[in-house]
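Below, each chain spelled out in residue letters.
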Amino acid sequence: MLRALKVRLYLTTAWQAHRVREDFLHKVSRKIVNENQVIVIESLVVKKVVKNYNLAKSISDAEWGIFQTMLKYKTKGEGKI
């Protein structure tokens, strides 16, 4: 019973962190689209960037692909593509 409670607490905390991160990405992408006429995204090879063990967790947590997708569909919606 205690283990199930610990697992539930862990999953709830992880899900809340994901939602906070996703909300932040939505807000930042909206601000970028509204304030800029031209947006340029550099294509990075994430596998090579993650090899730096000092930055690997931070880069993996940043959800670069999701952010790029958000920028694409928001710029399409604004007619900026």
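A.B. asks: Teacher, can you tell me more about the pattern of salt bridges here?
C.D. replies: Between side chains of opposite charge, pairing is possible as soon as their charged atoms come close. Taken as a whole and judged by the stated rule, the model has three salt bridges. One salt bridge connects lysine 27 with aspartate 23, and the closest N-O pair in it is separated by 3.2 Å. Of this pair, lysine 27 and aspartate 23 both sit in helix α1 (residues 2-35), four residues apart, which is roughly one turn of that helix. The class for lysine 27 is exposed, based on a relative accessible area of 54%. Across the pair arginine 30 and glutamate 78 runs a salt bridge whose closest N-O atoms are separated by 3.1 Å. One end of the pair, arginine 30, is in helix α1; the other, glutamate 78, is in helix α4 (residues 64-78), and 48 residues separate them in sequence. Owing to a relative accessible area of 43%, glutamate 78 belongs among the partly exposed residues under this scheme.

A.B. asks: What should I look at first to understand α4 in this one?
C.D. replies: Counting along an α-helix, one turn takes 3.6 residues, and residues three or four places apart therefore face a common direction. The end-to-end C-alpha distance of α4 is 21 Å, a good match for the 21 Å that 15 residues give at a rise of 1.5 Å each. Positive phi shows up at glycine 79, right after α4, with a value of about 75°.

A.B. asks: Would you explain the nonpolar core in this entry?
C.D. replies: Note that soluble globular proteins tend to have their nonpolar side chains buried in a common cluster. If you look at the biggest cluster of nonpolar residues, it comprises five residues: Leu25, Val33, Phe67, Met70 and Leu71. Among the secondary structure elements, those contributing two or more residues to this core are α1 and α4. Broken down by element, the residue count for this core peaks at three residues, all from α4. Apart from residues no more than four positions distant in its own chain, valine 33 is found in contact with Ile39, Leu71, Lys74, Thr75, Glu78 and Lys80.

The rules we used
- Residues numbered from 1 in each chain as written.
- Predicted model: local features only at pLDDT ≥ 70, side-chain atom pairs only at ≥ 80, totals over all residues.
- Heavy atoms only, no water.
- Salt bridge = Lys/Arg side-chain N within 4 Å of Asp/Glu carboxyl O.
- Helix = DSSP H or I, 4+ residues; strand = E, 2+ residues; numbered from the N terminus.
- Buried < 20%, exposed > 50% of the residue type's maximum accessible area, 1.4 Å probe, protein only.
- Expected span 1.5 Å × (residues − 1).
- Core = buried A, V, L, I, M, F, W, Y, C linked by side-chain atoms within 4.5 Å.
- Contact = heavy atoms within 4.5 Å.

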